[in-house]
Amino acid sequence: MRAGIIVYAEDCRVSGHVEIDDEARLTDVLNEVAEITIIHPTVVAHTDGRLVILDELTLSRDEMIAVEAPGTRGPEERRIQTVRHRLEVHLGGYVVLGQLHTMPGGMPLVAIGRRLPMIPMTNATLAYNGAEGPEARDIDTLIINRQLADWVRTADQADLAVFPDIPAVAPVV
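Caption draft 1: Quick peek at the nonpolar core. Among the nonpolar cores identified, the biggest contains 21 residues, and Ile 5, Val 7, Leu 26, Leu 30, Ile 38, Met 64 and Val 67 are the most heavily contacted of them. Contributions of two or more residues to this core are made by β1 (2–8), β2 (12–19), α1 (26–32) and β3 (35–45). In this view, Val 67 contacts Ile 5, Ile 6, Val 7, Leu 26, Leu 30, Met 118, Thr 141, Leu 142 and Ile 143; residues no more than four positions away in its chain are not counted.

Caption draft 2: Structural view of the pairing of β2. When β1 meets β2, the two strands line up antiparallel, connected through seven bridges. Within β2, the position partnered with Ala 3 by the bridge is Val 18. The pairing of β2 with β3 spans five bridges and is classified as antiparallel. Each residue of the ladder has a partner; that of His 17, found in β3, is Ile 39.

Caption draft 3: Broad picture of unusual backbone geometry. Of note in the backbone geometry, His 40 takes a positive phi value of approximately 50° without being a glycine. Tracing the sequence through the fold places His 40 in strand β3. Of the residues examined, His 40 reaches a relative accessible area of 49% and is grouped as partly exposed. Positive phi, normally seen in glycine, also occurs at Asn 123, with a value near 45°. Look at Asn 123 and you get partly exposed, because its relative accessible area is 40%.

Cut-offs and rules
- Residues numbered from 1 in each chain as written.
- Predicted model: local features only at pLDDT ≥ 70, side-chain atom pairs only at ≥ 80, totals over all residues.
- Heavy atoms only, no water.
- Core = buried A, V, L, I, M, F, W, Y, C linked by side-chain atoms within 4.5 Å.
- Buried < 20%, exposed > 50% of the residue type's maximum accessible area, 1.4 Å probe, protein only.
- Helix = DSSP H or I, 4+ residues; strand = E, 2+ residues; numbered from the N terminus.
- Contact = heavy atoms within 4.5 Å.
- Pairing = 2+ DSSP bridges.

Here's what the structure looks like:
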């Protein structure tokens with residue numbers, strides 16, 4: 001199956017398609033292989049917005065800061081009941097605010113450290129400096145590369161730092 005993909009690298013965004021098995025989840029594929037080949041990629045430079053269109057491009061996992069797979073969620077039968085935790089993650093020139101899913105009773109910062117490198121976050125906002133200034137994208141599912149994270153904190157910690165006199169309240173789900 002050919003699936004759409006957007007890869008956020010250090011200095012650019014790469015969009016195109018990848019070939020994956022019909023039953024595969026993109027997160028699992030990214031954790032199983034050291035590199036992926038993107039078919040007919042369009043590369044957009046963050047610094048000046050320059051576009052480059054190629055026939056194909058191979059990227060190593062170490063170059064993929066975050067990955068967006070528009071419109072794909074994997075097979076429904078593979079989904080399990082989880083608890084969502086709001087996290088903020090800084091990855092190079094990107095900041096991500098999103099929900100990490102853990103098993104009931106799981107602690108988010110422990111869970112993220114025990115997982116394979118590519119970790120899905122849902123209801124995410126990805127922010128970075130683009131060619132025309134700050135850009136923010138709301139993304140249903142964003143797969144982040146935990147190995148490239150500069151820091152991670154729970155939303156409660158972020159709220160306490162910014163609003164010290166206001167109690168943090170969990171979001172309504």
